[in-house]
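# Residue-level structural notes
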Amino acid sequence: MVWIKAFVAGFLATLIFHQGLFAVFYLAGAVPAAPFNLTPVPPLGVPSVISLAFFGGLWGVAIWAIAGRLKGALYWLGHVILGAVGPTAVAMLVVFPMKGLAVSAQTWVGGLILNGFWGLGLAVFMVLMAAKVSRQS
C-alpha cells in the first residue's frame, strides 16, 4: 500500500509543486514554455502534463524506496536532494538529447530547482498520507 501512496504522492507533487513553481518561473519570464502543457504525447496521446505526472509517480516510488526510512531533517533533505538530482540527471542526460532539446547550465539549474521542489512535495504528501515504510520491505 505504501508504494501506491508513493506513486500518488509523486503524481500530485508533479501537478502541484513542480508545475506550480514552473508557473511562477513562467510568469517571471524565466522559462519560455507555459506550465500544465496539454499537448498530446505519443504513444497514447495523453496530455504532456499527465505523462510528466505519471513519471513523477514512478520517481516517487523510487525515491521513497531510498529516502522513506530517513527521519527528521534527513527525511526532508533526502527527498529534496534525491528529487533534485535523480530526475534532473535523467532528463538532461537522456530525455532532452532524445527529444533534440538543448541542454545548458540554465536547464540544469532550473531542473535542479524544479525537481528539488518536487522532492519536497513528495515528502509533504507522504507525511500527509501518513505513509510508513514497513520493516519487511
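Here is a short report on the structure shown in this document. Given the structure is predicted, the values throughout are model-derived calculations rather than measurements.

## Section: the nonpolar core
Membership of the largest hydrophobic core comes to 15 residues, with the highest contact counts inside it found for Trp64, Leu122 and Met126. Of all the elements in the fold, those that place two or more residues in this core are α1 (2-27), α2 (48-67) and α4 (105-128). What leucine 122 contacts, discounting residues up to four positions off in sequence, is Ala6, Ala9, Gly10, Ala13, Gly60, Ile63 and His79. Core analysis: the next-biggest nonpolar cluster, separate from the first, contains five residues, Leu21, Phe25, Val31 and Leu114 among them.

## Points about the packing of α2 against helix α3 (residues 72-99)
The interhelical angle for the contact between α2 and α3, taken along N-to-C directions, is 135 degrees, at an axis separation of 10 Å. Of the possible angle classes, the one that applies to α2 and α3 is oblique. Both α2 and α3 take part in a crossing whose hand is right-handed. Judged by residue contacts, Trp59, Ile63, Trp64, Ile66 and Ala67 of α2 engage Tyr75, Gly78, His79, Leu82, Gly83, Gly86, Pro87 and Val90 from α3.

## A few points about α4
Its 24 residues give α4 an end-to-end C-alpha distance of 34 Å, which sits within 8% of 34 Å, the value for a rise of 1.5 Å per residue. What α4 keeps buried is the set Gly111, Leu114, Asn115, Gly116, Trp118, Gly119, Gly121, Leu122, Ala123, Phe125 and Met126. Here the buried face of α4 lies against α1, α2 and α3. Just downstream of α4 lies alanine 130, where phi reads positive at about 50 degrees.

## Here's the deal with the packing of aromatic side chains
Throughout the structure, instances matching the rule amount to seven aromatic pairs. Where phenylalanine 7 meets phenylalanine 11, the ring centres are 6.3 Å apart and the plane angle is 35 degrees; that geometry is what we call tilted. Of this pair, phenylalanine 7 and phenylalanine 11 both sit in helix α1, four residues apart, which is roughly one turn of the helix. By relative accessible area, which is 23% here, phenylalanine 7 ends up partly exposed. Measuring from centroid to centroid gives 5.1 Å for phenylalanine 17 and phenylalanine 117, while their planes differ by 50 degrees, and the two rings are tilted. In this pair, phenylalanine 17 sits in helix α1 while phenylalanine 117 sits in helix α4, placing the two residues 100 residues apart along the sequence. On the basis of relative accessible area, phenylalanine 17 is assigned to the buried category, the value being 16%. In this structure phenylalanine 117 comes out as partly exposed when scored by relative accessible area, which is 32%. Ring pairing ties together the aromatic residues Phe7, Phe11, Phe54 and Phe55, which thus form one cluster.

Parameters at a glance
- Residues numbered from 1 in each chain as written.
- Predicted model: local features only at pLDDT ≥ 70, side-chain atom pairs only at ≥ 80, totals over all residues.
- Heavy atoms only, no water.
- Core = buried A, V, L, I, M, F, W, Y, C linked by side-chain atoms within 4.5 Å.
- Buried < 20%, exposed > 50% of the residue type's maximum accessible area, 1.4 Å probe, protein only.
- Helix = DSSP H or I, 4+ residues; strand = E, 2+ residues; numbered from the N terminus.
- Contact = heavy atoms within 4.5 Å.
- Axes fitted to C-alpha atoms, helices over the stretch in contact; angles between N-to-C directions.
- Parallel < 35°, antiparallel > 145°, perpendicular 65-115°, else oblique.
- Left-handed = near helix turned anticlockwise from the far one by under 90°.
- Expected span 1.5 Å × (residues − 1).
- Phe/Tyr/Trp six-rings, centres within 6.5 Å; stacked < 30°, edge-to-face > 60°.

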